[in-house]
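An overview of the molecular structure
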Amino acid sequence: MKHELPKIFEYNSLEPFIDEETMRIHHSKHHQGYVNKLNAALEGQKELQEKSLEELISNLSSVPKEIRTAVRNAGGGTLNHNFFWTVLKKDSDFQGEISKAINKKFGSFEQFKKEFSASAASLFGSGWTWLVLNNGELEIINTQNQDSPLTQKMTPLIALDVWEHAYYLLHKNRRDKYINNFWNVVNWKKVNMFYVDAKRKG
Ligand code: MN3
């Protein structure tokens, strides 16, 4: 089975916080590129093609060495973007169990945003900033390149793509402006769903 680029929301629906042109290129070129490279890497690998991408990325050591790096990069790139789009939405209020858990863990919503933003700003090179559930605890982590928290047995709840391609068209080198805007497009309803789900599974 081939992996496919998921259909997502209208490219202009996160304006003015994330612009239409960035969304178009990010989804239809960058994300599509990862999907294509993943399918190319899995060519002829019947058994691996049957597995879900989550399964592959959670167990990279079970992927044959010759294609492990390709699966890690292109598979991670595919999965990370699949996830990223689902936690983006305008006008979503900080809500639910996740809001209580964040307030408890970080002291306040403002403090959480401050720590997450600082983590994203400090990431050197290309990568992602995440809010994850790690052994039942909320944690902010960075991953390099297209590495996924799943590989480290952590469950992603929020993702922020801090590759330059995610903000350069609108903000040029100003990653801080992109990070500030991000807080206007977090889909808290979805994040809460992922949190409740992960908690239930333990
Ligand atoms: Mn990206």
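Analysis parameters
- Residues numbered from 1 in each chain as written.
- Predicted model: local features only at pLDDT ≥ 70, side-chain atom pairs only at ≥ 80, totals over all residues.
- Heavy atoms only, no water.
- Donors = N, O, S within 2.8 Å, 3.2 Å for Na, K, Ca; no water.
- Helix = DSSP H or I, 4+ residues; strand = E, 2+ residues; numbered from the N terminus.
- Buried < 20%, exposed > 50% of the residue type's maximum accessible area, 1.4 Å probe, protein only.
- Pairing = 2+ DSSP bridges.
- Salt bridge = Lys/Arg side-chain N within 4 Å of Asp/Glu carboxyl O.
- Axes fitted to C-alpha atoms, helices over the stretch in contact; angles between N-to-C directions.
- Contact = heavy atoms within 4.5 Å.

1. Section: the coordination of the manganese ion
- For the manganese ion, the full set of protein donor atoms is His26 (NE2), His81 (NE2), Asp161 (OD) and His165 (NE2), at a range of 1.9 to 2.1 Å.
- Between consecutive donor residues of the manganese ion, the sequence gaps follow H-x54-H-x79-D-x3-H. Of this pair, His26 sits in helix α1 (residues 20-41) while His81 is found in helix α4 (residues 65-86), placing the two residues 55 residues apart along the sequence.
- Residue classification places His26 among the buried positions, given a relative accessible area of 2%.

2. What about the pairing of strand β3 (residues 155-161)?
- The element β3 is extensively covered by neighbouring structure, given that 6 of its 7 residues are classed as buried.
- Note that strand β1 (residues 127-134) and β3 share 6 bridges and pair antiparallel. By the bridge assignment, Thr129 is partnered in β3 with Leu160.

3. So, the pattern of salt bridges
- Evaluation of the coordinates by the stated rule reveals 9 salt bridges.
- For Arg72, the salt bridge is made with Asp147, and the minimal N-O distance between the two is 2.8 Å. Taken together, the residues span a long stretch of sequence, with Arg72 in helix α4 and Asp147 in the loop between β2 (137-144) and β3 at a distance of 75 residues.
- Among the charged side chains, a salt-bridge network with shared partners connects Glu20, Glu21 and Arg24.

4. Examining the environment of Val35
- Counting through the fold element by element, Val35 comes out in helix α1.
- Once the C-alpha coordinates of Val35 and Ser61 are considered, the two residues, 26 residues apart in sequence, prove to be 20 Å apart.

5. Points about the sheet that holds β1
- Judged by pairing direction, the sheet is antiparallel, and its 3 strands sit side by side in the order β2-β1-β3 without closing on themselves. Edge positions in the open sheet fall to β2 and β3, since each of these has one partner strand only. Strand-to-strand, the axes of this sheet are offset by a mean angle of 20 degrees, without reference to chain direction.
- Direction of pairing for β1 relative to β2: antiparallel, over a ladder of 8 bridges. Paired with Trp128 across the two strands is Thr143, which belongs to β2.
- The strands touched by helix α5 (residues 96-106) within the sheet are β1, β2 and β3, with β2 carrying the most contacts at an inclination of about 85 degrees.

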